[in-house]
There are 2 protein chains.
Amino acid sequence: MFVAIMGYGVVGSGVASLLKKNHEHIVQKSMQNELELKYILDRRTFPGDPYEQIVISDFSKILEDDEIKIVVETMGGVHPAYEYVLACLKAGKSVVTSNKELVAVKGCELLEVADEHNVNFLFEASVGGGIPIIRPISQCLAANDIDEIAGILNGTTNFILTKMITEGMTFDEALLLAQKNGYAERDPSADVDGFDACRKICILAALCFGKHVYPDSVHTEGIRKIKLSDVEYAHSWGGVIKLIARAKKLEDGRVSVMVSPAFVQNHSQLASVDDVFNAILVRGDAIGDVVFYGRGAGKMPTASAVVADVIDCAKHMERKKFFGWKDSEPGYVADYLENVTSFYIRATTENAASAVASFNSLFGKVELLTRENAPEGEIAFTTEPISEKELSEKLAGLKDAKIESVIRITDY
Amino acid sequence: MFVAIMGYGVVGSGVASLLKKNHEHIVQKSMQNELELKYILDRRTFPGDPYEQIVISDFSKILEDDEIKIVVETMGGVHPAYEYVLACLKAGKSVVTSNKELVAVKGCELLEVADEHNVNFLFEASVGGGIPIIRPISQCLAANDIDEIAGILNGTTNFILTKMITEGMTFDEALLLAQKNGYAERDPSADVDGFDACRKICILAALCFGKHVYPDSVHTEGIRKIKLSDVEYAHSWGGVIKLIARAKKLEDGRVSVMVSPAFVQNHSQLASVDDVFNAILVRGDAIGDVVFYGRGAGKMPTASAVVADVIDCAKHMERKKFFGWKDSEPGYVADYLENVTSFYIRATTENAASAVASFNSLFGKVELLTRENAPEGEIAFTTEPISEKELSEKLAGLKDAKIESVIRITDY
């Protein structure tokens, strides 16, 4: 059986090298006589590369070669990945992708086309890098009604937050270090503004709850505004700040989906997820909380997930894996302003006593937090659960303090 | 499609109730028109139970009913579970079991028979309760060469150790509480002496490394000898004591498999696994470390894993899932005395200075540990890596101190 890779970047080259390194083992698991890499599509050339000879720049060679049964898409971005994948599926080729943007934006349609053409469209590597999560949700937890899923889905922001928490770096210092280490791009927006985590939670929400969730329907906040003072208050509260992506089923059939920094209690399994590691918590009716932890990115971990999907495609040539969800519909994703949660709030004021009295009268009793060396006039506290809408209305009317930071508090 | 359950105890009744509770969802996932529970085999009767009418005591009714395609075995123990399962597989019925003892002792043979008769023998629930682990290892991590697997696989001992660590209870007090809470049997031996964890690591080792590992070939130590002083020294070292079951591939093709208490560093994902929770760490060449965390036992979590297997059987009626390993062979499991690891040692002596000098000369430089209120003459330290054999020879020749405790140190 022959395989093609589209996109010979970090992940694509990892897939090629893994197919070679564990070749015998992989062929055996595939239940095939052979599993051979025939083409690598890339606009660039790779002089001296061990696969130099099979690098091609013409997509139609892959599309028109009937021997190619499995196509790996590791190009990234929506275009032309979408057009290529669509064409491959329609030509009866199974496709494996690590491209979260493609799945988050076009997953529903591509799954439908795969279904029509009785081929597979698999994307284990699109969420959580090498961490097994798509298949465990769709298979292992199949007996459960899943109520909620939440995770640390972006390694770059988790690295930055870890440096802020453990080494007292500022956001800017930690971002610079992440860029030096190759964890963050020169334009770090996709990571630090939460868009990457947003795409991943959209995919998980679709898988868990059965309807597509489009990234632009999800309220998304990044970590740029997090200050060391917030980190210190989280510590005194008994937890840490993490960028949490979460999706929850509501009783009326809609879903609540959001990406934002959040307080996580120290004893939570998510609190000890440090550096570039990811973790995903799934809450099912029968199983309770299950957590999957590992490297959420990186060449070989991601390649490992891609190759596992390739093996699965090879094993299921005559028989499709069952997978899919319906398209979204207007109003399916609830307005985030409906969310009810507890909040952490930091404010500055010229009259602390009067401001605390105002907060107490606005929110019922608030729990004041302290930190060492807090400047005069700084107040921080946590509220009882309250809706986002009600919170912002109350804060809008506030006279005697300036709100510096508002962070949600999780119950994971 | 019809299903039978053998053994209407905690897990069996959980399976029945889950099949009812999430019925529509489960049938849909199974890709069948129907998935109906037809018989429950048990020697007892259950007056007033919703399934009272389908409880039978005659196994041959299940065996001879061609409509029964999937049999769930939740009886526990090797006999007669083994004979019943064997007969079902030979009769062309797929079998799902939660019985770790059966799989650890007879797994290889039952998988072979299943293969011969083109049916499935699945056992996700036998390890880690509801935590997805068997399927992720066999599918999601298929592209990896797995080097090592280690876990907290027994909830009862983890509950006891957690109480010792966080509340300063003695082993006996914590065991009593575990019994009161229903986490430990009146005869707690299978849990506290490590046998339950041993069966589970045997199953995981077979799955990861391709050959059966019999429980009686595995060096197994329980937690009865752990004292609060050891817990305190672990704390001052920077970690906690956990009952760790582990299997490692050796370079010569053999495996090292062991169950014993061990020091785990605080920053490890295994360190924060508390109470009755389980966690399993898998170390692969491409993926690095992946950790799976959740409820390792309990009625509904375990039932959830069983039902996921039932769904998988139903989906794979015409096509077997690929699964299996070879039988063991003499010498496949290395003698544990060959293991090389660092150790924690606690000793008492009448002459501390001379004893420390002896330890230093025996082990090279040792790292002394301290704790508050240590009685006079108590010494505790950690060693550099050394083989188990060499360690016990050195300790045997020791004159000026009495060894009270020896605990291995992990690098997870």
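All figures in this text were calculated on a predicted structure; none of them were measured in a lab.

Overview of the pattern of salt bridges
So, point 1. All chains considered together, the criterion is met by 54 salt bridges over all chains.
So, point 2. A salt bridge links B:Asp309 to B:Arg135; the nearest nitrogen and oxygen atoms lie 2.6 Å apart. Of this pair, B:Asp309 sits in helix α12 (residues 299-315) while B:Arg135 sits in helix α6 (residues 134-140), and the two are 174 residues apart along the sequence.
So, point 3. Look at B:Asp309 and you get buried, because its relative accessible area is 2%.
So, point 4. In this structure, B:Arg371 engages B:Glu232 in a salt bridge whose closest nitrogen and oxygen atoms are separated by 2.9 Å. Highlighted residues: B:Arg371 in the loop between β14 (367-369) and β15 (378-382) and B:Glu232 in helix α11 (residues 228-237), separated in sequence by 139 residues.
So, point 5. A residue is classified by how much of its surface remains accessible, and B:Glu232, at 35% relative accessible area, is partly exposed.
So, point 6. Each member of the salt-bridge network shares a partner with another, and the members are A:Glu124, A:Arg135, A:Asp309 and A:Asp312.

Examining the nonpolar core
So, point 1. In this structure, A:Phe121, A:Leu204, B:Phe121 and B:Leu204 are the most contacted members of the largest nonpolar core, which totals 242 residues.
So, point 2. Those residues within four positions of B:Leu204 in sequence are excluded, and the remaining contacts are B:Val127, B:Ile133, B:Ile134, B:Ile137, B:Ile149, B:Leu153 and B:Ile280.
So, point 3. Counting 30 residues, the second-largest nonpolar core is a separate cluster that includes A:Ala150, A:Ala279, B:Ala150 and B:Val240.

Digging into the confidence of the model for chain A
So, point 1. Of all residues in chain A, 99% have pLDDT values of 70 or greater, and the mean over the chain is 95.
So, point 2. Two numbers describe this predicted complex: its pTM, 0.93, and its ipTM, 0.92.

A word on a negative patch on the surface
All names here are of chain A.
So, point 1. There is a patch of like negative charges on the surface, built from Glu 109, Glu 112, Asp 115, Glu 116 and Asp 327.
So, point 2. Looking at the secondary structure, you find Glu 116 in helix α5 (residues 100-116).
So, point 3. Among the residues examined, Glu 116 registers a relative accessible area of 58% and is labelled exposed.

As for the relation of the copies chain A and chain B
Applying a rotation about an axis and a shift along it to one chain copy brings it onto the other copy.
So, point 1. Screw-axis analysis of chain A against chain B gives a translation of 0.0 Å along the axis, an RMSD of 0.0 Å, and a rotation angle of 180°. These values place the two chain copies in the arrangement generated by a two-fold rotation axis. The position closest to the rotation axis in chain A is occupied by the C-alpha of A:Phe292, lying 2.4 Å away.
So, point 2. Comparing interface residues between copies, 100% of those in chain A also sit at the interface in chain B, which points to an isologous, same-surface contact.

Details of the interface of chain A and chain B
So, point 1. Listed by partner, the interface residues are 49 residues for chain A and 49 residues for chain B.
So, point 2. Carbon and sulfur atoms make up 53% of the area that chain A and chain B hide from each other, which totals about 4100 Å².
So, point 3. Our enumeration of links across chain A and chain B arrives at two salt bridges.
So, point 4. Residue A:Lys21 pairs with B:Asp285 through a salt bridge whose shortest N-O separation is 2.6 Å.
So, point 5. At the level of elements, α1 (10-21), α2 (23-30), α6 (134-140), β12 (288-295) and α12 (299-315) of chain A are the ones that each hand at least two residues to the side of chain A that touches chain B.
So, point 6. Of the residues belonging to the side of chain A that touches chain B, the class tally is 24 nonpolar, twelve polar and 13 charged.

Looking at the packing of helix α13 (residues 352-363) of chain B against helix α14 (residues 388-396) of chain B
A pair of packed helices is captured by two measures, namely the crossing angle of their axes and the spacing between those axes.
Residues and elements named next belong to chain B.
So, point 1. Packing of α13 against α14 leaves a shortest axis separation of 11 Å and a crossing angle of 145°. The crossing of α13 and α14 is right-handed. When α13 is examined against α14, the residues Phe 359, Leu 362 and Phe 363 are found in contact with a partner set consisting of Leu 391, Lys 394 and Leu 395.
So, point 2. Here the residues of the contact of α13 with α14 sort into five nonpolar, no polar and one charged.

Description of helix α8 (residues 171-180) of chain B
All names here are of chain B.
So, point 1. Here α8 has its buried residues at Phe 171, Ala 174, Leu 175 and Ala 178. Across the axial projection of α8, the buried residues extend over an arc of 100°, all falling on one side. Set apart from the buried face of α8 by more than 90 degrees, the exposed residues are Asp 172, Leu 176 and Lys 180.
So, point 2. Of the surrounding elements, those touching the buried residues of α8 are α7 (155-167) and α9 (189-192).

Comments concerning the environment of A:Tyr183
Residues and elements named next belong to chain A.
So, point 1. In this fold, Tyr 183 is placed in the loop between α8 (171-180) and α9 (189-192).
So, point 2. Sequence separation between Tyr 183 and Thr 156 is 27 residues, and the spatial gap between their C-alpha atoms is 5.6 Å.
So, point 3. When near neighbours in sequence (up to four residues on either side) are disregarded, Tyr 183 contacts Thr 156, Phe 159, Ala 178, Asp 191 and Val 276.

A short note on the packing of aromatic side chains
Residue and element names in this part refer to chain A.
So, point 1. Tallying each qualifying case throughout the model produces 25 aromatic pairs over all chains.
So, point 2. A ring pair is formed by Phe 159 and Tyr 183, whose centres lie 4.9 Å apart and whose planes are at 70°; its orientation type is edge-to-face. Taken together, the residues span a long stretch of sequence, with Phe 159 in helix α7 (residues 155-167) and Tyr 183 in the loop between α8 and α9 at a distance of 24 residues.
So, point 3. Taking relative accessible area as the criterion, Phe 159 reaches 4% and is therefore assigned buried.
So, point 4. Taking the relative accessible area as the measure of exposure, Tyr 183 reaches 36% and is therefore partly exposed.
So, point 5. Clustering of aromatic rings is evident, with ring pairs tying together Tyr 233, Trp 237, Phe 263 and Tyr 344.
So, point 6. Across from the ring centre of Tyr 51, 5.3 Å away, lies the NZ or CZ of Lys 20, which sits over that ring.

With respect to the pairing of strand β9 (residues 239-249) of chain B
All names here are of chain B.
So, point 1. With nine of eleven residues buried, β9 lies mostly within the body of the structure.
So, point 2. Of the pairings in the sheet, the one linking strand β7 (residues 146-152) to β9 comprises four bridges and is antiparallel in character. By the bridge assignment, Glu 148 is partnered in β9 with Lys 248.
So, point 3. One ladder, built from eleven bridges, connects β9 with strand β10 (residues 255-265); its direction is antiparallel. Along β10, the bridge assignment pairs Arg 246 with Met 258.

Section: the side chain of B:Thr383
So, point 1. Assignment of secondary structure puts B:Thr383 in the loop between β15 and β16 (386-387).
So, point 2. The residues contacting B:Thr383, other than those within four sequence positions of it, are B:Ser342, B:Phe343, B:Ile345 and B:Phe363.

A closer look at the sheet that holds strand β5 (residues 94-97) of chain A
All names here are of chain A.
So, point 1. Pairing in this open sheet of six strands is parallel, and the strands run β3-β2-β1-β4-β5-β6 from one edge to the other. Two strands bound the open sheet, and with one partner strand each, they are β3 (55-56) and β6 (121-122).
So, point 2. In the sheet, strand β4 (residues 68-73) pairs with β5 via four bridges, with the strands oriented parallel. Looking across to β5, one finds that Val 72 is bridged to Val 96.

Calculation rules
- Residues numbered from 1 in each chain as written.
- Chains lettered and ligands numbered in written order.
- Predicted model: local features only at pLDDT ≥ 70, side-chain atom pairs only at ≥ 80, totals over all residues.
- Heavy atoms only, no water.
- Salt bridge = Lys/Arg side-chain N within 4 Å of Asp/Glu carboxyl O.
- Helix = DSSP H or I, 4+ residues; strand = E, 2+ residues; numbered from the N terminus.
- Buried < 20%, exposed > 50% of the residue type's maximum accessible area, 1.4 Å probe, protein only.
- Core = buried A, V, L, I, M, F, W, Y, C linked by side-chain atoms within 4.5 Å.
- Contact = heavy atoms within 4.5 Å.
- pLDDT = per-residue confidence, 0-100.
- Patch = residues over 30% accessible without salt bridge, like charges linked within 9 Å, V, L, I, M, F, W, Y side chains within 5 Å.
- Areas by Shrake-Rupley, 256 points an atom, 1.4 Å probe, with all protein chains shown as cover.
- Lys, Arg positive; Asp, Glu negative; His and termini not counted.
- Charge placed at Lys NZ, Arg CZ, Asp CG, Glu CD.
- Least-squares fit on C-alpha atoms with pLDDT ≥ 70 in both.
- Buried area = accessible area lost by both parts, 1.4 Å probe.
- Nonpolar A, V, L, I, M, F, W, Y, C, P; charged D, E, K, R; others polar.
- Axes fitted to C-alpha atoms, helices over the stretch in contact; angles between N-to-C directions.
- Left-handed = near helix turned anticlockwise from the far one by under 90°.
- Arc of directions from axis to C-beta.
- Phe/Tyr/Trp six-rings, centres within 6.5 Å; stacked < 30°, edge-to-face > 60°.
- Lys NZ or Arg CZ within 6 Å of the ring centre and 35° of its normal.
- Pairing = 2+ DSSP bridges.

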